[in-house]
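One letter stands for each residue in the lines below.
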Amino acid sequence: MKRLFTGLQPSGQLHIGNYFGAIKPNVDLFVDNEGLMMVADYHALTSLKDSAALAKNSIENTKDYLAAGLNLEHAILFKQSDVSEHTELAWILDCLVPISLLELGHAYKDKVAKGVEANAGLFTYPMLMAADILLYDTDIVPVGEDQRQHVEYAREAAKKFNNAYGETFKEPQEKIDKAVAVVPGTDGQKMSKSYKNTIPLFGSRDEIAKAVMSIVTDSTGDKPANVYAIHKLFKSEAELAPVYEQNKGSYKALKEALIEDIDAFISPMRTRREAISDEDVKAILKDGGAKAKALASAKMADVRKKVGVAL
Ligand code: ADP
Ligand code: TRP
């Protein structure tokens, strides 16, 4: 059986774009496959300096995955900072990778292009992510297109270590689901927290209603394209055809139908989410952390011997 490894940056309130683009595909993969799912809190530290927010986001986003139905029989769910082997291996990989290679990293290059000062953590981010993946002899890394380069870096890091010290790490493969469409936001652009055009995944009915009512519609045609594009995620086109026929040109009624459908879809997950306490999350992460640590420390014992620090 192939081992999966994936990670998510605890970035706070998730939107329905995150759900259809990342959470749902990942939850579905762990139905028939086994592996690890990691809350990448040390990666988040490269940009988030608010300690209360980082702690809260880590708890909230773990709850989101649990509410979405992540199968804990198949997935070890843990927090990066609980397994110190990640930062330890990242250092060893940093000592193998040339600066010129890291300078090609998209996340780093984008910051520099915008004239924003990048910290050293952002610069070496790909080697921490390589360590995450390589520690567990990962076969498959399910990610979005934006993370493709990072998985290439992980392969490169594996090769460099294996060449220097002998065969140790598996070269992982990314799994990028082309069928996952980009979910549009309330203004028709890609839904993204940075564009402030989101519909919150676990928002209250009022918050969902407010976001849906703000969907930009043009005044031509019977079918508001931006409303329909989001509606399609929640109902089949066959189910939607009569609704859009009956309410031709009535954008308000169509938006109300969309609110109803989003709410009906989210409501069972919201109920499940409300039943999960912060203490439950901490216990699940602690358990997952212990399991991940057992695997990671066995791998690191071999790595330490190979590099010459185990006397
Ligand atoms: P944001 O753009 O809101 O900052 P992130 O970059 O944190 O979102 O994305 C987290 C995950 O959700 C990624 O795997 C990304 O591919 C997915 N995702 C984000 N927005 C969308 C969207 N509009 N459609 C599909 N997937 C998305
Ligand atoms: N960098 C990923 C993101 O921003 C999160 C992540 C950290 C990750 N470590 C990982 C994803 C390992 C897959 C595998 O989305």
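Scroll up to find the structure.
A brief report on the enclosed structure follows.

About the criteria used
- Residues numbered from 1 in each chain as written.
- Chains lettered and ligands numbered in written order.
- Predicted model: local features only at pLDDT ≥ 70, side-chain atom pairs only at ≥ 80, totals over all residues.
- Heavy atoms only, no water.
- Phe/Tyr/Trp six-rings, centres within 6.5 Å; stacked < 30°, edge-to-face > 60°.
- Helix = DSSP H or I, 4+ residues; strand = E, 2+ residues; numbered from the N terminus.
- Near = heavy atom within 4 Å.
- Polar contact = N/O pair within 3.5 Å; in protein donor to acceptor, adjacent residues only side chain to side chain.
- Areas by Shrake-Rupley, 256 points an atom, 1.4 Å probe, with all protein chains shown as cover.
- Expected span 1.5 Å × (residues − 1).
- Buried < 20%, exposed > 50% of the residue type's maximum accessible area, 1.4 Å probe, protein only.
- Contact = heavy atoms within 4.5 Å.
- Core = buried A, V, L, I, M, F, W, Y, C linked by side-chain atoms within 4.5 Å.
- Domains from an automatic or database assignment.
- Axes fitted to C-alpha atoms, helices over the stretch in contact; angles between N-to-C directions.
- Parallel < 35°, antiparallel > 145°, perpendicular 65-115°, else oblique.
- Left-handed = near helix turned anticlockwise from the far one by under 90°.
- Nonpolar A, V, L, I, M, F, W, Y, C, P; charged D, E, K, R; others polar.
- Salt bridge = Lys/Arg side-chain N within 4 Å of Asp/Glu carboxyl O.

We now examine the packing of aromatic side chains. By convention here, two paired aromatic rings are described through the distance between centres and the angle between planes. Evaluated as defined, the whole model comprises twelve aromatic pairs. Here the aromatic rings of F5 and Y136 are separated by 5.5 Å at their centres, their planes lie at 20 degrees, and the arrangement is stacked. One end of the pair, F5, is in strand β1 (residues 3-8); the other, Y136, is in the loop between α7 (120-134) and β4 (140-142), with 131 residues separating them in the sequence. Measuring from ring centre to ring centre gives 4.7 Å for Y108 and F123, while their planes differ by 65 degrees; the resulting arrangement is edge-to-face.

Next up on the list: the site of ligand 1. Around ligand 1 lies a shell formed by H15, G17, N18, G21, A22, A181, V182, V183, K190, M191, S192 and K193. K190 is positioned with one of its side-chain polar atoms (N or O) 3.3 Å from an oxygen atom of ligand 1. For ligand 1, an oxygen atom lies 2.5 Å from a polar atom in the side chain of K193. Taking 540 Å² as the accessible area of ligand 1 by itself, protein coverage stands at 75%.

For the rest of this paragraph, the subject is helix α13 (residues 278-307). Taking 1.5 Å per residue, 30 residues should reach 44 Å; α13 reaches 40 Å between its end C-alpha atoms and fits that length. Those residues of α13 that fall on the buried side of the exposure criterion are V281, L285, G288, G289, A292, A296, K299, M300 and V303. In this fold, the buried residues of α13 make contact with β2 (34-39), α3 (51-67), β3 (75-79), α4 (85-94), α7 and α8 (148-165). At the C-terminal side of α13, G308 shows a positive phi close to 100 degrees.

In this structure, I16, I23, I199, L201, V212, L258 and I262 are the most contacted members of the largest nonpolar core, which totals 45 residues. Broken down by element, this core gets its largest block of residues, seven residues, from helix α1 (residues 16-32). Shared between two domains, this core holds at least three residues of each, these being domain 1 (3-180 + 277-307) and domain 2 (193-272). Aside from chain neighbours lying at most four places away, what touches I262 is I199, I208, V212 and F234. L122, A130, F161 and A296 belong to the second-largest nonpolar core, a separate cluster that totals 39 residues.

Let us now look at the packing of α3 against helix α12 (residues 251-274). It is at 9 Å that the axes of α3 and α12 come closest, and there the two elements cross at 125 degrees. Accordingly, the angle class assigned to the pair α3 and α12 is oblique. In the packing of α3 onto α12, the handedness of the crossing is right-handed. In this structure, α3 contributes E60, K63, D64 and A67 to the contact, and α12 contributes M269, R272 and R273. Split by residue class, the contact of α3 with α12 holds two nonpolar, no polar and five charged.

This part covers the pattern of salt bridges. In total, this model carries 24 salt bridges according to the counting rule given. We note a salt bridge from K160 to E156, for which the minimum N-O separation is 3.2 Å. Of this pair, K160 and E156 are both found in helix α8, four residues apart, which corresponds to roughly one turn of the helix. E156 sits in the partly exposed class, given a relative accessible area of 26%. A salt bridge links D261 to K235, with the nearest nitrogen and oxygen atoms 3.2 Å apart. Taken together, the residues span a long stretch of sequence, with D261 in helix α12 and K235 in the loop between α10 (225-231) and α11 (237-246) at a distance of 26 residues.

To continue, consider the packing of helix α9 (residues 205-213) against α12. Any two packed helices are characterised by how steeply their axes cross, that is the angle between the axes, and by the distance between the axes. Where α9 contacts α12, the two axes come as close as 9 Å, and the packing angle between them is 145 degrees. Here α9 and α12 pass one another in a crossing that is right-handed. Contact residues: α9 offers R205, I208, A209, V212 and M213, while α12 offers K252, K255, E256, L258, I259, E260, I262, D263, I266 and R270. Counted by class, the contact of α9 with α12 contains eight nonpolar, no polar and seven charged residues.

Without other data, these values stay purely geometric and don't point to any function.
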